[in-house]
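A closer look at the structure
Residues per chain, in single letters:
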Amino acid sequence: MHYDYILVRYGEIALKGKNRYRFEDRLVQNIRNVLKDLPQAKVTKTFGRIYVELNGSPYEIVIERLKKVFGLISFSPVKKTGLELEQIKTTALEVIEQLKPIPKTFKVETKRPYKLFPLNSPEVTNEVGGHLLRNIQGLKVDVHHPDTTVMVEIREEGVFIYSEVIKGIGGMPAGTSGKGIALLSGGIDSPVSSWYAMKRGLLVEGIHFHTYPLTTEESIQKVIDLAQALSYFSGQFKVHMVPFLEIQKEIKTYAPESHNITMMRRFFFRIAERLAERRGALSLITGESLGQVASQTLESMYAINQVVHTPIIRPLITMDKLDIIEVAQKIGTYEASIRPFEDCCSLFVPRNPATKPSIKIAEKAESYMDIDQLVEDALANTRVITVTPHSKIKAKDLLFTDIKVFTK
Ligand code: ATP
Ligand code: MG
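Residues numbered from 1 in each chain as written. Chains lettered and ligands numbered in written order. Predicted model: local features only at pLDDT ≥ 70, side-chain atom pairs only at ≥ 80, totals over all residues. Heavy atoms only, no water.

Under an unreviewed UniProt entry, the chain has the name Probable tRNA sulfurtransferase and belongs to Tepidibacillus decaturensis. Turning to the chain, the UniProt annotation filed under Subcellular location (unreviewed entry) states: "Cytoplasm". (UniProt positions renumbered as here; feature names shortened; annotations may be inferred.)

What follows is the structure, given as structure tokens:
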């Protein structure tokens, strides 16, 4: 089947004035980004709507891409035909025959912005409806609850006909809510939390703490692959790779083992906050879920939160693991997340982590450390990578070996 356009619908109801234009312009830009490799496809804002003009690009691919664009409520593949009644009838029949399953009931709705068209809207509706009834066995009209509605829009430049409505993922266009730095491990939860933050319109950059060469290339590759899965939703995804081995050594030296995780996470937040300042981000995002592990009790989060002022967004905080897994599968991060390679945290987990860590103990241990210097060194040796749906970045090419803290 050949389609000419994809009509894009977005949640305009909640939008007013300036916000609406910002939202629409960003949406158009984001759609262009995901269709970059299909140069014939043109995204336009016309008649107060967003259309993708296909110009021969395969509509199945375009639709798969649009399913990953935040801010889209639904979209419809559209056929364009000439201003002859016979053409309109034939095309309407083609459009309804494409639907799977073939509907049992239908109605036709005609809009006629082009007032010079010789038939009025009810006449067009009757003509088209009659044609469909004559040509599809068993099909019936139901004006109240039809299985499908065949839309006929008569415009000066042609007649637009569509009926299929494909659901989009909703949310807000990426970038309309500002920026956040997401703490991205190689696990199941954090990529899902990044995704939720992106869904609400945040432009998200990842930060990943690694202890290469203690953590393997494979574990870093996981993070790259997760970033790639996320990049399908935003066109690109940046990850800041932060070497954390030196800090871990210090923690091991000065903190009681039960407080390793608390200490580590206090450093995560400090470094992430410093990065956020530099990147113009006003939030940090984590994959924490209340009570999931020792470091995710309220007492732990309280102790960890002390060291930063930046708002921390925890999209998964009330979610059950099984529900998180379901989302991970749906958004395409699950497969990479369950690869067995350990990240720096898993190698560092104490036998008996404190579920009620003491801020006093953490502060005492930190009093022996040069916190600012450690944070600065870590950031100075941070590598940023930009992952796109088509990039082929390999962990082994990142040359972490030249990072000076490892050779000290
Ligand atoms: P995940 O499945 O996201 O790894 P988790 O259940 O393993 O989470 P924790 O190890 O307590 O839980 O980590 C909680 C959060 O801290 C993670 O969701 C992530 O946001 C952040 N985090 C953990 N390890 C790292 C890391 N190596 N680099 C960056 N962020 C991390
Ligand atoms: Mg983890």
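Additional details are given in the paragraphs that follow.
**Considerations on the environment of Leu379**
When you line up the elements, Leu379 lands in helix H13 (residues 371–380). Accessibility expressed as a relative area gives 9% for Leu379, which makes it buried. Once the C-alpha coordinates of Leu379 and Asp37 are considered, the two residues, 342 residues apart in sequence, prove to be 34 Å apart. Excluding anything up to four places from it in sequence, Leu379 contacts Ile271, Arg274, Leu275 and Arg278. (Helix = DSSP H or I, 4+ residues; strand = E, 2+ residues; numbered from the N terminus. Buried < 20%, exposed > 50% of the residue type's maximum accessible area, 1.4 Å probe, protein only. Contact = heavy atoms within 4.5 Å.)

**Details of the domain arrangement of the chain**
The extent of an interface is frequently quoted as the accessible surface area lost upon association of the parts. Domain assignment breaks the chain into domain 1 (5–167) and domain 2 (179–400). Each of domain 1 and domain 2 has a C-alpha centre, and these two points are 43 Å apart. At the boundary of domain 1 with domain 2, total buried surface from both sides reaches about 670 Å², with 68% on carbon and sulfur atoms. Of all residues in domain 1, the largest losses of buried area upon contact with domain 2 belong to Val34, Lys68 and Phe70, amounting jointly to 75% of the total for that side. Connecting domain 1 to domain 2 are zero salt bridges. Taken together, the links from domain 1 to domain 2 amount to zero residue pairs in polar contact (both at pLDDT 80 or more). Among the residues forming the side of domain 1 that touches domain 2, the class breakdown is two nonpolar, no polar and four charged. (Domains from an automatic or database assignment. Buried area = accessible area lost by both parts, 1.4 Å probe. Salt bridge = Lys/Arg side-chain N within 4 Å of Asp/Glu carboxyl O. Polar contact = N/O pair within 3.5 Å; in protein donor to acceptor, adjacent residues only side chain to side chain. Nonpolar A, V, L, I, M, F, W, Y, C, P; charged D, E, K, R; others polar.)

**Brief notes about the site of ligand 1**
Taken together, 22 residues surround ligand 1, and among them Leu183, Ser185, Asp189, Ser190 and Gln296 come closest. At 2.4 Å from an oxygen atom of ligand 1 is found a side-chain nitrogen or oxygen belonging to Ser185. Separating an oxygen atom of ligand 1 from a backbone N or O atom of Gly287 is a distance of 3.1 Å. Listed by contribution, the elements that provide at least two residues to the shell around ligand 1 are helix H5 (189–199), strand E11 (203–210) and helix H8 (260–279). Among the elements that take part in the shell around ligand 1, E11 stands out by supplying three residues, more than any other. When grouped by side-chain class, the residues that make up the shell around ligand 1 number nine nonpolar, nine polar and four charged. (Near = heavy atom within 4 Å.)

**Some details on the sheet that holds strand E14 (residues 312–313)**
Spatial strand order, E14-E13-E10-E11-E12-E15: six strands in an open sheet with mixed pairing. The strands lining the two open edges of the sheet, one partner per strand, are E14 and strand E15 (383–387). (Pairing = 2+ DSSP bridges.)

**Topic: the environment of Tyr114**
Relative to the assigned elements, Tyr114 resides in the loop between strand E5 (105–111) and helix H4 (121–135). The sequence separation of Tyr114 and Tyr59 amounts to 55 residues, and the corresponding C-alpha distance is 27 Å. When near neighbours in sequence (up to four residues on either side) are disregarded, Tyr114 contacts Leu83, Ile154, Arg155 and Glu156.

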